[in-house]
Amino acid sequence: GAVVSQHPSRVICKSGTSVKIECRSLDFQATTMFWYRQFPKQSLMLMATSNEGSKATYEQGVEKDKFLINHASLTLSTLTVTSAHPEDSSFYICSARPVGGIPYGYTFGSGTRLTVV
Amino acid sequence: QQQVKQSPQSLIVQKGGISIINCAYENTAFDYFPWYQQFPGKGPALLIAIRPDVSEKKEGRFTISFNKSAKQFSLHIMDSQPGDSATYFCAASSYSGGGADGLTFGKGTHLIIQP
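What counts as what
Residues numbered from 1 in each chain as written. Chains lettered and ligands numbered in written order. Predicted model: local features only at pLDDT ≥ 70, side-chain atom pairs only at ≥ 80, totals over all residues. Heavy atoms only, no water. Pairing = 2+ DSSP bridges. Helix = DSSP H or I, 4+ residues; strand = E, 2+ residues; numbered from the N terminus. Contact = heavy atoms within 4.5 Å. Buried area = accessible area lost by both parts, 1.4 Å probe. Salt bridge = Lys/Arg side-chain N within 4 Å of Asp/Glu carboxyl O. Polar contact = N/O pair within 3.5 Å; in protein donor to acceptor, adjacent residues only side chain to side chain. Nonpolar A, V, L, I, M, F, W, Y, C, P; charged D, E, K, R; others polar. Phe/Tyr/Trp six-rings, centres within 6.5 Å; stacked < 30°, edge-to-face > 60°. Buried < 20%, exposed > 50% of the residue type's maximum accessible area, 1.4 Å probe, protein only.

A. Looking closely at the pairing of strand β7 (residues 62–67) of chain B. Residues and elements named next belong to chain B. In this structure, strand β6 (residues 56–59) lies alongside β7, joined through four bridges in antiparallel fashion. Among the inter-strand pairings, Lys58 is bridged to a residue of β7, identified as Thr63. The hairpin turn running from β6 into β7, its antiparallel successor, is two residues long, and Gly60 in that turn takes a positive phi close to 65°. As defined by bridge partners, β7 adjoins strand β8 (residues 72–77) across six bridges and the pair is classed as antiparallel.

Following this line, the structure appears as structure tokens:
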């Protein structure tokens with residue numbers, strides 16, 4: 001089955017620093033990947049849609065200069081949280097859709113727990 | 001505006017019973033309705049999904065019922081087991097002419113199966 005690997009699983013950083021999170025599709029190609037954020041005991045909120053070779057599309061209220069997304073290949077998308085602050089502490093999860101494979105299928109990574117101190 | 005409303009927020013079911021979680025959506029462009037199971041600290045895992053051209057889909061102990069006219073869909077877990085204790089999310093998305101939309105999630109249901 002389709003597998004999405006997300007790294008790191010946990011990261012603690014100091015306020016003001018930047019953190020990069022990687023999302024890889026291991027056994028399929030994905031022209032589109034999605035980034036979600038989930039606060040404790042809450043639902044997943046779509047942050048942005050990452051398209052291979054083009055600019056990401058951000059949801060309303062998500063700062064594109066703070067959450068930099070790069071989708072350089074059909075198997076890798078990265079999310080960089082720049083100048084992180086404690087309020088950015090959250091669970092970040094990516095998902096990917098296979099190209100030409102099962103339609104409508106979204107496979108999720110295992111998530112990254114970001115703690116900003 | 002919440003596009004997918006999920007209920008109940010929490011649910012306790014006895015082992016062997018039927019767990020039922022309901023969702024309602026507003027956007028008529030939605031045409032894909034999955035259910036996800038999430039354990040603490042993990043990403044969501046797809047349980048079962050349905051498209052609006054069918055009214056019911058069953059996979060093992062999991063069944064989705066879909067009512068297009070009412071814009072509602074539900075998850076039924078038969079013979080619920082303690083290992084089913086988790087948070088369940090319904091979701092929806094639209095797929096239009098080559099585009100690819102992200103999922104809109106419900107707020108989740110915390111399910112506890114009592115042994």
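B. View of unusual backbone geometry. The step from A:His7 to A:Pro8 runs through a cis peptide bond, and the omega angle for that step is 0°. Summarising the element assignment, A:Pro8 is placed in the loop between β1 (4–7) and β2 (10–13). Look at the link from B:Ser7 to B:Pro8: it is a cis peptide, with omega at -5°. Following the sequence through the fold, B:Pro8 ends up in the loop between β1 (4–7) and β2 (10–14). Residues other than glycine seldom take positive phi values, yet A:Ser83 does so here, at roughly 45°. Secondary-structure assignment places A:Ser83 in the loop between β8 (76–81) and β9 (90–97). The backbone phi angle of B:Asp79 is positive, close to 45°, even though this residue is not glycine. Within the fold, B:Asp79 resides in the loop between β8 and β9 (86–92).

C. A look at the interface of chain B and chain A. Chain B puts 19 residues into the contact, and the matching count from chain A is 18 residues. Carbon and sulfur atoms make up 60% of the surface buried where chain B meets chain A, a total of about 1500 Å² over both sides. Where chain B packs against chain A, one counts zero salt bridges. The interface formed by chain B and chain A holds six residue pairs in polar contact (both at pLDDT 80 or more) in total. Residues that form the side of chain B that touches chain A fall into these classes: eight nonpolar, six polar and five charged.

D. Representation of the packing of aromatic side chains within the structure. Enumeration according to the criterion identifies 17 aromatic pairs over all chains in this entry. Ring centres 5.5 Å apart and planes at 45° place the aromatic pair A:Tyr36 and A:Phe108 in the tilted group. Here A:Phe108 lies in strand β10 (residues 107–108) and A:Tyr36 lies in strand β4 (residues 32–38), a separation of 72 residues in the sequence. Each member of the pair, A:Tyr36 as well as A:Phe108, carries the same accessibility label: buried. Centre to centre, the rings of A:Tyr36 and B:Phe105 are 5.6 Å apart; their planes meet at 90°, and the pair counts as edge-to-face. Here A:Tyr36, found in strand β4, pairs with B:Phe105, found in strand β10 (residues 104–105), and the two come from separate chains. For the pair shown, A:Tyr36 and B:Phe105 are each scored as buried. A network of ring pairs unites the aromatic residues B:Tyr25, B:Phe30, B:Phe33, B:Trp35, B:Phe66 and B:Phe73 as a single cluster.

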